[in-house]
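In case you want the letters, here they are:
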Amino acid sequence: METPLSNSGNPPPKTVHRAPLALSGLDFKLLKVFKAVVEAGGFSAAQNELNVGLAAISKQISDLEIRIGMRLCTRGREGFHLTEEGRLVYQASIDLFASVDNFRDRLSSAQNELIGDLGVGVIDNTITDTNSPLVTALRKINEESPKVRFQLQASQLDEVERGVVEGRLVAGIVPVYQKREEFDYFPLYEEHSYVYCAVGHPLFSVPEADMGGNVLQDYECINHRYAIHRDKLNFARYDSFSASATQVEAVALLVKTGRFVGFLPEHYAATLVAQGQFRAVRPDLINIVTPFNLILRHNTVRSPLVKAFAQALGVDLKAPV
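Residues numbered from 1 in each chain as written. Predicted model: local features only at pLDDT ≥ 70, side-chain atom pairs only at ≥ 80, totals over all residues. Heavy atoms only, no water.

1. Concerning the overall build of the chain
1) Next: Helix and strand counts for the chain come out as 9 helices and 11 strands.
2) Next: Taking all 321 residues of the chain together, 43% fall into the buried category.
3) Next: The long-range fraction of contacts in the chain, counting pairs at least 24 apart against all pairs at least 6 apart in sequence, stands at 70%.
4) Next: Carbon and sulfur atoms form 52% of the exposed surface of the chain, whose accessible area is close to 17500 Å². (Helix = DSSP H or I, 4+ residues; strand = E, 2+ residues; numbered from the N terminus. Buried < 20%, exposed > 50% of the residue type's maximum accessible area, 1.4 Å probe, protein only. Contact = heavy atoms within 4.5 Å. Areas by Shrake-Rupley, 256 points an atom, 1.4 Å probe, with all protein chains shown as cover.)

Shown next, in the form of structure tokens:
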């Protein structure tokens, strides 16, 4: 259990009016620690990221609060929470380090050398998709610009989008179900999905010739909460979605029970099909195509590093869709 900050139970110190803070190297270090704690979700969770102990993190955050004269967070039995001032400082720290990265990118561009952090968010369970250009692009960047540091985050769609909006990530590679005005979209590839059933499901042993395009109407389907595919209602009744899942692997686990059918990316299900555990249900009639795009925050300056990454992906930044 985390021990509270030494002053977490006391009222915050009185506001002291002082001259604007002149940032020093120490302030940058403390702000980086604070940013890491927020993004990890707490002091304990940040220990691995920062490679320091809990006591050291607590002291650094306390030192930062003293230096800027604000209570930034509370923690204890109720968990980790940012104060209003803490949220303001966190967002300002994102902007600060983005500006530093942009400054560094400009210098490296002048020196014809790319350096800095490349933060990219991707959707989980896409490693088996041979259509994705991401691995090839990362390899190319690393070979040509070895001083670039990769920060790759695999998570759900909403988390990747949030990371790009907040500036924690410079880019995302995501499926596009509906576009948002916060982003510029650049086409990359398409993902093909089919409906699958597993050993033990009534459809698993039915000859394909005996299945029609409406074969799903009589069976329980999985609602994919991470995907908005209106096309699914062309194949299954809305009231047949009796189970839900938020990730591809969760869908596969439900399918594996033999009680449900669900849409899965072809590349993900291929191994399970080859092992004889899964079977696609009328893939010639029941299928969905999902476009995958590179997303960048709308109306932001494209740094040399972002431009190099886009070029490695085969993307023309002058032609968003």
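Further notes follow.
2. Brief notes about the environment of isoleucine 94
1) Next: Structurally, isoleucine 94 is set in helix H4 (residues 84–110).
2) Next: Given a relative accessible area of 3%, isoleucine 94 falls into the buried group.
3) Next: Beyond its immediate chain neighbours, meaning those up to four positions away, isoleucine 94 contacts Lys35, Glu166, Gly167 and Arg168.

3. Describing the packing of aromatic side chains
A ring pair, where both rings are aromatic, is described by two values, the distance of the centres and the angle of the planes.
1) Next: Taken as a whole, this structure holds 4 aromatic pairs when the rule is applied.
2) Next: Seen from their ring centres, phenylalanine 183 and tyrosine 185 are 6.2 Å apart, and the 85° between their planes marks the pair as edge-to-face. Across the pair, exposure class does not vary: phenylalanine 183 and tyrosine 185 are buried alike. (Phe/Tyr/Trp six-rings, centres within 6.5 Å; stacked < 30°, edge-to-face > 60°.)

4. Here we look at the pairing of strand E11 (residues 287–297)
1) Next: Across 4 bridges, strand E5 (residues 171–175) lies against E11 in antiparallel orientation. In the sheet register, proline 175 faces E11, and the bridge partner there is phenylalanine 292.
2) Next: One ladder, built from 11 bridges, connects strand E6 (residues 183–198) with E11; its direction is antiparallel. Bridging across to E11, proline 187 finds its partner in asparagine 293. (Pairing = 2+ DSSP bridges.)

5. Some points on the packing of helix H5 (residues 134–144) against helix H9 (residues 304–313)
1) Next: Contact geometry for H5 and H9: axes closest at 8 Å, N-to-C directions at 130°. As far as their axial angle goes, H9 and H5 are oblique. Crossing of H5 over H9 shows right-handed handedness. Contacts from Leu134, Ala137, Leu138, Lys140 and Ile141 of H5 reach H9 at Ala308, Phe309, Ala312 and Leu313. (Axes fitted to C-alpha atoms, helices over the stretch in contact; angles between N-to-C directions. Parallel < 35°, antiparallel > 145°, perpendicular 65-115°, else oblique. Left-handed = near helix turned anticlockwise from the far one by under 90°.)

6. Considerations on the side chain of threonine 83
1) Next: One can find threonine 83 in the loop between strand E2 (81–82) and H4.
2) Next: Overall, threonine 83 belongs to the buried group, its relative accessible area being 16%.
3) Next: With sequence-adjacent residues up to four places away left out, threonine 83 is seen in contact with Arg71, Leu72 and Cys73.

7. Some thoughts on H5
1) Next: Listed in full, the buried residues belonging to H5 are Leu134, Ala137, Leu138 and Ile141. The arc enclosing the buried residues of H5, seen along the axis, measures out at 95°, which places them on a common side. Across H5 from its buried face, at more than 90 degrees, point the exposed residues Val135, Glu143 and Glu144. (Arc of directions from axis to C-beta.)

8. Thoughts on the packing of helix H1 (residues 25–40) against helix H3 (residues 54–68)
1) Next: The interhelical angle for the contact between H1 and H3, taken along N-to-C directions, is 120°, at an axis separation of 9 Å. Overall, the two elements H1 and H3 adopt an arrangement that is oblique. The two elements H1 and H3 cross, and the hand of that crossing is left-handed. Of H3, the residues touching H1 (which contributes Leu26, Asp27, Lys29, Leu30, Leu31, Val33, Phe34 and Val37) are Ile57, Gln60, Ile61, Asp63, Leu64 and Arg67.
2) Next: Residue composition of the contact of H1 with H3, grouped by class: 9 nonpolar, 1 polar and 4 charged. (Nonpolar A, V, L, I, M, F, W, Y, C, P; charged D, E, K, R; others polar.)

9. Some thoughts on the side chain of arginine 302
1) Next: Looking at the secondary structure, you find arginine 302 in the loop between E11 and H9.
2) Next: Residue classification places arginine 302 among the buried positions, given a relative accessible area of 17%.
3) Next: At 2.9 Å, the side chain of arginine 302 and the side chain of threonine 300 are in polar contact. (Polar contact = N/O pair within 3.5 Å; in protein donor to acceptor, adjacent residues only side chain to side chain.)

10. Considerations on the environment of alanine 312
1) Next: When you line up the elements, alanine 312 lands in helix H9.
2) Next: For alanine 312, a relative accessible area of 15% translates into the label buried.
3) Next: Spatially, the C-alpha atom of alanine 312 lies 4.7 Å from that of alanine 137, the residues being 175 residues apart in sequence.
4) Next: In this view, alanine 312 contacts Ala137, Lys140 and Ile141; residues no more than four positions away in its chain are not counted.

11. Some details on the confidence of the model for the chain
1) Next: Residues of the chain with pLDDT of at least 70 account for 86%, and the chain-wide mean is 85.
2) Next: The low-confidence segment residues 1–19 (pLDDT under 50) makes 23 contacts with residues lying over four places distant or belonging to another chain. (pLDDT = per-residue confidence, 0-100.)

12. Some details on the environment of alanine 137
1) Next: In this structure, alanine 137 sits in helix H5.
2) Next: When its relative accessible area of 0% is taken as the criterion, alanine 137 is described as buried.
3) Next: Sequence-wise, alanine 137 and alanine 310 are 173 residues apart; in three dimensions their C-alpha atoms are separated by 8.4 Å.
4) Next: Non-local contacts of alanine 137, meaning those with residues more than four positions away in its chain, are made with Phe309, Ala312 and Leu313.

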